[in-house]
Structure formats: C-alpha cells, structure tokens
Amino acid sequence: MQKPIKYTIFRTKWGYFGFAGTEHALCRTHLPGPEPEKIKARLLQGVPASEFDRAFFKKMQERVAAYFTGTAVNLGPDIPIDLAGLTPFQTAVLTACRQVQFGQTITYGGLAKKLGQPAAARAVGSALAKNPLPLIIPCHRVIRANNKLGGFSAPGGKNLKSKLLKHEKRCAKKKNSYYC
C-alpha cells in the first residue's frame, strides 16, 4: 500500500503557500494565495490520498516565509525534490532552471543552450509550464530574449511573475545575506 502524500499550507506575507510530497522530497508547491482551501484543492489535485502535517518540511516553510518578507533566500538545489512523472527533457529543463540564482534571470534560449539544445527555446518554455514546484524551481526567472516576461502558468500569471522578479531585484539590491 502506498503511503499518503503529506502536505502543509502555511501563511506568508503574500498569502498562503502550500507544499506536498513524501517524507524525503517535495513533489508540489503552490504559490501564495488568499484562500487556503483553494490552495489545498490545487495542490492536491489528482492525489489519491493525503495527510496534513503542520510540521512538514518545517525548515523549508521558514525559508519560504523569509523569502516573502524580503530576505534573499537560498532555495537552491540542496532542497530534495521528486519530479516523477515528467519526461527526461522536462526533468533536465527543471533541473537546469534550479541553477538560476536569486535576483538573476535567463532567457528561454539561454536555458536551452545550457542543455546543449540551442534551438529548443520553445520546448524549454513548454517544459517550464509543467513545473510542479514553482519558487523551489524558479521558472519565474526565465524570460524572453527581448527581455519581456514570456508566459507564467501559475495562478496570477504574468502579473505574479513580474511581482516575484521585482521583489527579488529589490532584495538583491538591499544585499541581504542568504538565509540557509
């Protein structure tokens, strides 16, 4: 019998944020919103069994909450994630995206080049649209070659992407230390 997925929904300065995953890795996140029940419904969509755990990935909850207060938080590759169900290409794109540093951006084409597939900018965009772990995998940091935002499939769309990027630039200018 498969163990249920654990999840938590916690308050940040920007609203309620959600995590879902196993004891060992995050599988899904949900960016902040005003209604915890909507966050829960979207976070657990298609999950057959789940169990609420207020302490689930508690240190990560603290890091995410700090991010939304304006601290330049390291949400880098040390965070254990599970990308089961994605194609090898999608996994490669999301793994490469995790390397984009706080306050920085990269183009879809730039990310494609990092993968050794310089003509795959559109495919990179499609893979990023499948990101189950927004913020942990910072797909909001990937922009178009003309420095326009490009798409953002998370609730809030381009407005939220713009807000996240502006937030990070402000934090980086303050030169806050990384919260680890």
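Just above, that's the structure.
Residues numbered from 1 in each chain as written. Predicted model: local features only at pLDDT ≥ 70, side-chain atom pairs only at ≥ 80, totals over all residues. Heavy atoms only, no water.

**Student:** How would you sum up the packing of aromatic side chains? Please name residues and give values.
**Tutor:** In this structure the tally under the stated criterion is 9 aromatic pairs. Between the aromatic rings of Phe 17 and Phe 19, the centroid separation amounts to 5.6 Å while the plane-to-plane angle is 80°, which identifies the pairing as edge-to-face. Judged by relative accessible area, Phe 19 falls into the buried class, the value being 0%. Ring centres 4.8 Å apart and planes at 70° place the aromatic pair Phe 56 and Phe 57 in the edge-to-face group. Phe 57 matches Phe 56 in its accessibility class, with the two residues each being buried. Three or more aromatic residues joined by ring pairs make a cluster, and in this case those are Phe 10, Trp 14, Phe 17, Phe 19, Tyr 67, Phe 68 and Phe 102. The ring centre of Trp 14 lies 4.3 Å from the NZ or CZ of Lys 163, which sits over that ring. (Phe/Tyr/Trp six-rings, centres within 6.5 Å; stacked < 30°, edge-to-face > 60°. Buried < 20%, exposed > 50% of the residue type's maximum accessible area, 1.4 Å probe, protein only. Lys NZ or Arg CZ within 6 Å of the ring centre and 35° of its normal.)

**Student:** Please give an account of the sheet that holds strand S1 (residues 5-12) that cites residues and values.
**Tutor:** On the basis of which strands lie adjacent, the open sheet formed by 4 strands has the order S3-S2-S1-S4 and mixed pairing. In this open sheet, the two strands that pair with only one neighbour each are strand S3 (26-33) and strand S4 (50-52). The average angle at which neighbouring strand axes cross in this sheet is 20°, direction not considered. As defined by bridge partners, S1 adjoins strand S2 (residues 15-21) across 7 bridges and the pair is classed as antiparallel. Looking across to S2, one finds that Thr 12 is bridged to Gly 15. Packing against the sheet, helix H1 (residues 36-43) makes contact with S1, S2 and S3, and its axis sits at approximately 150° to S3. Across the sheet, helix H2 (residues 58-69) touches S1, S2 and S3, and the angle it forms with S1 is around 30°. (Pairing = 2+ DSSP bridges. Helix = DSSP H or I, 4+ residues; strand = E, 2+ residues; numbered from the N terminus. Axes fitted to C-alpha atoms, helices over the stretch in contact; angles between N-to-C directions. Contact = heavy atoms within 4.5 Å.)

**Student:** Run through helix H3 (residues 88-97), naming residues and quoting values.
**Tutor:** What H3 keeps buried is the set Gln 90, Val 93, Leu 94, Ala 96 and Cys 97. One face of H3 carries all of its buried residues, which in axial projection span an arc of 160°. Where H3 is buried, its residues touch helix H4 (108-114), helix H5 (121-128) and strand S6 (142-143). (Arc of directions from axis to C-beta.)

**Student:** Account for the side chain of Arg 141, naming residues and giving values.
**Tutor:** Turning to its location among the elements, Arg 141 is positioned in the loop between H5 and S6. For Arg 141, a relative accessible area of 6% corresponds to the buried category. Of note is the side chain of Arg 141, whose polar atom sits 2.7 Å from the backbone oxygen of Val 100. Once you skip the residues sitting within four places of it in the chain, Arg 141 turns out to touch Val 100, Gln 101, Phe 102, Gly 103, Gln 104, Thr 105, Ile 106, Leu 165 and Glu 168. (Polar contact = N/O pair within 3.5 Å; in protein donor to acceptor, adjacent residues only side chain to side chain.)

**Student:** Explain the pairing of S2 residue by residue, including any values.
**Tutor:** Walk down a regular strand and you will see the side chains alternate between the two sheet faces. Counted residue by residue, S2 has 7 buried out of 7 residues, so it is predominantly covered. The turn linking S1 back onto S2 is made up of 2 residues. Relative to S3, S2 is paired through 5 bridges, and the arrangement is antiparallel. Bridge pairing links Ala 20 to Arg 28 in S3. The turn joining S2 and S3, which pair antiparallel and follow one another in sequence, is formed by 4 residues.

**Student:** Would you mind going over the environment of Ile 79 in detail, with residue names and values included?
**Tutor:** With respect to the helices and strands, the residue Ile 79 is situated in the loop between H2 and H3. Judged by relative accessible area, Ile 79 falls into the buried class, the value being 2%. For Ile 79, the contacting residues outside a window of four places in its chain are Leu 26, Met 60, Arg 63, Arg 98 and Ile 136.

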